[in-house]
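# A structural walkthrough
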Amino acid sequence: QVQLLESGGGLVQAGDSVKLSCVASGRTFSTYAMGWFRQAPGKEREFVASYSRIGGRIYSAESVKGRFTISTDNSKNTQYLRLNDLKPEDTAVYYCAATRGFNITTAQGVDYWGQGTRVTVSA
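Now for a look at the structure at hand.

Rules used in this analysis
- Residues numbered from 1 in each chain as written.
- Predicted model: local features only at pLDDT ≥ 70, side-chain atom pairs only at ≥ 80, totals over all residues.
- Heavy atoms only, no water.
- Helix = DSSP H or I, 4+ residues; strand = E, 2+ residues; numbered from the N terminus.
- Rg over C-alpha atoms; globule rule 2.2 N^0.38 Å.
- Buried < 20%, exposed > 50% of the residue type's maximum accessible area, 1.4 Å probe, protein only.
- Contact = heavy atoms within 4.5 Å.
- Areas by Shrake-Rupley, 256 points an atom, 1.4 Å probe, with all protein chains shown as cover.
- Lys, Arg positive; Asp, Glu negative; His and termini not counted.
- Charge placed at Lys NZ, Arg CZ, Asp CG, Glu CD.
- Core = buried A, V, L, I, M, F, W, Y, C linked by side-chain atoms within 4.5 Å.
- Polar contact = N/O pair within 3.5 Å; in protein donor to acceptor, adjacent residues only side chain to side chain.
- Pairing = 2+ DSSP bridges.
- Axes fitted to C-alpha atoms, helices over the stretch in contact; angles between N-to-C directions.
- Salt bridge = Lys/Arg side-chain N within 4 Å of Asp/Glu carboxyl O.

### Quick look at the overall build of the chain
- Within the chain, the secondary structure is distributed over zero helices and 11 strands.
- Listing each helix as α and each strand as β along the chain from the N terminus yields β-β-β-β-β-β-β-β-β-β-β.
- The globule rule puts the C-alpha radius of gyration for 123 residues at 14 Å, and the 13 Å found for the chain is close to it.
- If one aligns the C-alpha atoms of the chain with their principal axes, the spans along those axes are about 40 × 25 × 25 Å.
- Taken over 123 residues, the chain has a buried fraction of 41%.
- Of the contacts formed within the chain by residues at least 6 apart in sequence, a portion of 59% connects residues at least 24 apart.
- For the chain, the exposed area adds up to about 6300 Å²; of that, 46% sits on carbon and sulfur atoms.
- Treating the 14 positive side-chain charges of the chain as one cloud and the 10 negative ones as another, the clouds have centres 5 Å apart.

This is how it looks when you write it as structure tokens:
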């Protein structure tokens, strides 16, 4: 069992940057593959980025490549998502996710979810 707690969301303007954090507790952080998803109002939850448990390969959605960066600090059991050059269409609740598998790229592959942190981007 692992518990995930996100922080760092808020109201920002287009072009701004924010950094989201997700602290994992309950099990050794490095035994899980970690990732981020988001859910915009009226839309399904979608994959944003993830970090594979083997080899540390990073996967990112096309819509965020070059703007969003995922990183981890295993010593702090924390993963981060840096969001740069934010656009109004990035407005969503951002969720931290973990799996006992090797990687996450779909919501169906997630074993644990955080409660989410809201990012609102004004034009």
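### Concerning the nonpolar core
- If you look at the biggest cluster of nonpolar residues, it comprises 32 residues, and the most contacted ones within it are Leu4, Trp36, Leu81 and Tyr94.
- Looking at this core, the elements that each hand over two or more residues are β3 (18-25), β4 (33-39), β5 (46-51), β7 (68-73), β8 (78-83), β9 (92-99) and β11 (117-122).
- Of the residues forming this core, the biggest block, five residues, is contributed by β9.

### Let's talk about the side chain of Thr117
- Structurally, Thr117 is set in strand β11.
- Within the structure, Thr117 has its side chain in polar contact with the backbone nitrogen of Gly9 (distance 3.1 Å).
- Here Thr117 is in contact with Glu6, Ser7, Gly8, Gly9, Leu20, Ala92, Val93 and Tyr94, once residues within four sequence places are set aside.

### A few points about the side chain of Arg38
- By the element assignment, Arg38 lies in strand β4.
- Polar side-chain contacts of Arg38 include one of 2.9 Å to the side chain of Asp90.
- A polar atom in the side chain of Arg38 sits 3.0 Å from the side chain of Tyr94.
- Residue contacts for Arg38: discarding those within four places in its chain leaves Glu44, Arg45, Glu46, Val48, Ser63, Val64, Phe68, Glu89, Asp90, Ala92, Val93 and Tyr94.

### Here's the deal with the sheet that holds β3
- Pairing is antiparallel across the open sheet formed by four strands, whose spatial order is β1-β3-β8-β7. The two strands at the open ends of the sheet, each matched to only one other strand, are β1 (3-7) and β7. The average undirected angle you get between the axes of adjacent strands in this sheet is 20°.
- Two elements, β1 and β3, share five bridges in a ladder whose sense is antiparallel. Counterpart to Gln3 in the pairing with β3 is Ser25.

### A closer look at the environment of Gly66
- Secondary-structure assignment places Gly66 in the loop between β6 (58-60) and β7.
- Note: C-alpha distance between Gly66 and Cys22 (44 residues apart in sequence) is 21 Å.

### Section: the pattern of salt bridges
- Summed over all chains, the structure comprises five salt bridges.
- Here Asp90 and Arg67 are joined by a salt bridge, their closest N and O atoms 2.7 Å apart. Of this pair, Asp90 sits in the loop between β8 and β9 while Arg67 is found in the loop between β6 and β7, placing the two residues 23 residues apart along the sequence.
- Several salt bridges converge on common partners, so that one network encompasses Arg38, Glu46, Arg67 and Asp90.

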